Amino acid sequence: MLAVEDVTGLRGGRVLFRKLSFTVGAGAALALEGANGTGKTSLLRMLAGFLAPAAGTIRFGAVSEPEERGRRVGWLGHHDAVKPQMTVAETLFFFARLHGVADDIPGDVRAALDAVGLARLADLPGQYLSAGQKKRVALARLKLTGRPLWLMDEPLASLDTAGKTLASGLIAAHCAGGGVAVIATHEPLGLDCARLVLS
Amino acid sequence: MLRYANPTRFLQLSSALVPWLGAASAALFAIGLYLGFRVPPDYQQGETVRVMFIHVPAAWTAMMGYGLMAAASLVGLVWRHPLADTAARAAAPLGALFTALGLVTGSLWGRPMWGAWWVWDGRLTSFLLLEFLYLGYIALWNAIEDEARAARVCAILALVGAVNLPIIEFSVDWWTTLHQGESILRKGGPLISSVYLWPLFTMALAYTFLFFTLWLLRIETEILRRRARNALLAEGP
Amino acid sequence: MSAILFRDVRLAARAGGSAMLALAFFAAVATLVPLGVGADLRLLAKIAPGVLWVAAVLAALLALDRLFQADFEDGSLDVVALAPPSLEATAFAKIAAHWLTTGLPLTLLSPLLAVMFGLETSGALFVSLLIGTPAVSAIGAIGAGLTLSIRRGGLILPLIVLPLLAPAVIFGAGAAQEVAGALPLLAAFSLVACVLSPFATAAAVRLNLGS
């Protein structure tokens, strides 16, 4: 469960949000909405532990220390972490090995690729992928590394309709499995979730 | 000390101190230069030995400047003291200037002896590297847009530089013992007779006071500039 | 941690391979110097240790600015920072990968260049580069961490790192000339640099990620 208490965020001396408090229970998702520049990305980075809030506390479960918290985060930022010179499979293998997630890495990678519909493109280097396909690779990574707290910054951007449905499905499955998701988004997620609007 | 973390209090303290420091510096320069000219010329170097009184204290001050910059950086990094960040930033150009002064006067001092405008003497070479450390710091600060992040990043650079400085000095020293080269700029300077010590120390004090005067002035200016900017932004469209 | 090492080595070896670039640069400098100073082998042999050491440092510096910046720009650094290995371990892995793809190839190429410069003590040059180039990667990584968010960071990085590398060049070239005591000093410097650099580098990266 994610608990945010009285968190204040600054950027360049400007106050983005003040004394923000909310909780997201296990199995729940939160949509972060607001115009550009309202601090959605900054808040996500605070939740991930990259950035320290100017005030307030953030806890995930019993953990409040930022680096410890970060180990429980599945991060999907603006960029998809797909290297142009590495194939889709190599990318996922790398992340799987890095996160030390599985005994059966090839099997899990295959399953993740199937889940995002990229099994066909497994051996294609990243430079040939479209933006939407790269986003799917990132989604596969999230599924693969199996972290409890998913923090996603505009996950639906650059996805086509099928892709959007896929993404929503993955998030729903993640939550159904007891995970937590906080998603900054401009568009409707197609999920039953709470909303927080930053202004 | 922590009381003066508050910018307003700092400005009060600073504006009280600066005139005294400035006056003391001017007085010490006057005395030091007078003593420097009164001292008999060196049997070997003749009149040019007097350049020592401008060169050596400049060198000491340049080193002190880096130490102060590193200390301020540490305080800023560990205790998140905003004034410390400003102090570190303010010290850098001053240190760079004093180092440049040391380099130029070192060159002038050496020219009559060596017949060349520049030699790869241990002292001068270390100095050149110190100048690059300063310039790198200033360049890095200017290249990072976010002020707060620039301060933190440069703090790390200053500390890494501070740790490396003794190593750099040692290696350059070692290097000069390898390669031949006459050095009148050895540590502590040429065989200094006690006659020279008085003007040297006076000038050293003069330089130190000058550094602190300029440093405090720069910090004041930065605080006031920031205030003016914030006031402007607060007014709104 | 080894995952990062293998990935970085693989990336460097592929298209845009920084390994080839560093080697080409090293060879280019080493070829231009004789063109510049003349063909006198005695002179070339005399200046070879120093010149080749400087060339090695510059070649290693070439790819340094992208060490973290590439990962930063495509979002990988965020994911890697949240992964199990500590940022210090990650920094160490990247330093090792950088050395394997620049310092080591340069070292292996050095005997050939020693011959071209008429240098007798190519063994000393080889050993000095082998021991000293890790320090170049380690110290350079600190600069890379500090400048990773600067768009044209590649211009500032050499300026920052240059004074810090002076001891490596001094001891390295000295060791290449078989000066007594140079090699132990070089080894000590390299060891300290490799041990301490991951901490400074990780601190710098952490700072730059926090925004």
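This report concerns the structure included in the present document. These numbers were taken from a predicted model, which means no experiment stands behind them.

Once that is clear, we can look at the nonpolar core. Counting residues in hydrophobic clusters, the biggest one holds 165 residues, and the most contacted among them are Leu2 of chain A together with Leu140 of chain B. If you tally residues by element for this core, the top one is helix 8 (residues 153-176) of chain C, at 13 residues. Dropping the residues within four chain positions of it, Leu2 of chain A is found in contact with Phe22, Thr23, Val24, Leu47, Ile58, Arg59, Phe60, Leu149 and Val182 of chain A.

Residue and element names in this part refer to chain A. Interhelical geometry of helix 4 (residues 105-116) versus helix 5 (residues 131-145) gives an angle of 135° and a closest axis separation of 9 Å. Compared by their axis directions, helix 4 and helix 5 come out oblique. Between helix 4 and helix 5 lies a crossing of right-handed hand. Each of Asp108, Val109, Ala112, Ala115 and Val116 in helix 4 lies in contact with helix 5, whose residues at this interface are Arg136, Leu139, Ala140, Lys143 and Leu144. Across the contact of helix 4 with helix 5, the residue classes tally to 7 nonpolar, no polar and 3 charged.

So, on to the side chain of Ser126 of chain B. One can find Ser126 of chain B in helix 4 (residues 122-143). On the basis of relative accessible area, Ser126 of chain B is assigned to the buried category, the value being 6%.

Right, let's get into empty space enclosed by the protein. In this structure the tally under the stated criterion is 2 cavities of 30 Å³ or more. Here the largest cavity is characterised by a volume of approximately 50 Å³. Along the walls of the largest cavity sit Val73, Gly74, Trp75, His99, Arg141, Leu142, Thr145 and Arg147 of chain A together with Val79 and Leu82 of chain C, which together make up its complete lining. Elements that contribute at least two residues to the lining of the largest cavity include exactly strand 5 (73-76) and helix 5 of chain A together with helix 5 (76-82) of chain C. When grouped by side-chain class, the residues that make up the lining of the largest cavity number 5 nonpolar, 3 polar and 2 charged. Taken as a whole, the second largest cavity spans an internal volume of roughly 40 Å³. Residue lining of the second largest cavity: Phe68, Leu77, Leu87, Thr90, Ala91, Thr201, Ala202 and Val205 of chain C, and that is the complete set. Residue classes in the lining of the second largest cavity are distributed as 6 nonpolar, 2 polar and no charged.

The next point concerns the interface of chain B and chain C. Each partner contributes residues to the interface: chain B has 26 residues there, and chain C has 29 residues. Buried surface at the junction of chain B and chain C, summed over both partners, amounts to about 2,300 Å²; 83% is from carbon and sulfur atoms. When residues of chain B are sorted by the area they lose upon contact with chain C, Arg149, Ile156 and Trp174 of chain B head the list and together hold 25% of the total. Across the contact surface, chain B and chain C share 1 salt bridge. Between Arg151 of chain C and Glu145 of chain B there is a salt bridge, with the nearest N and O atoms lying 2.8 Å from each other. Applying the counting criterion to the chain B and chain C interface returns 3 residue pairs in polar contact (both at pLDDT 80 or more). Sorting the residues of the side of chain B that touches chain C by element identifies helix 4 and helix 5 (147-178) of chain B as the ones contributing at least two each.

The rules behind each value
- Residues numbered from 1 in each chain as written.
- Chains lettered and ligands numbered in written order.
- Predicted model: local features only at pLDDT ≥ 70, side-chain atom pairs only at ≥ 80, totals over all residues.
- Heavy atoms only, no water.
- Core = buried A, V, L, I, M, F, W, Y, C linked by side-chain atoms within 4.5 Å.
- Buried < 20%, exposed > 50% of the residue type's maximum accessible area, 1.4 Å probe, protein only.
- Helix = DSSP H or I, 4+ residues; strand = E, 2+ residues; numbered from the N terminus.
- Contact = heavy atoms within 4.5 Å.
- Axes fitted to C-alpha atoms, helices over the stretch in contact; angles between N-to-C directions.
- Parallel < 35°, antiparallel > 145°, perpendicular 65-115°, else oblique.
- Left-handed = near helix turned anticlockwise from the far one by under 90°.
- Nonpolar A, V, L, I, M, F, W, Y, C, P; charged D, E, K, R; others polar.
- 1 Å grid on protein atoms, 1.4 Å probe; cavity = no way out; pocket = protein on both sides within 12 Å on 5 of 7 lines; lining within 4 Å.
- Points joined across faces, edges and corners; volume = space filled by probe spheres on them.
- Buried area = accessible area lost by both parts, 1.4 Å probe.
- Salt bridge = Lys/Arg side-chain N within 4 Å of Asp/Glu carboxyl O.
- Polar contact = N/O pair within 3.5 Å; in protein donor to acceptor, adjacent residues only side chain to side chain.

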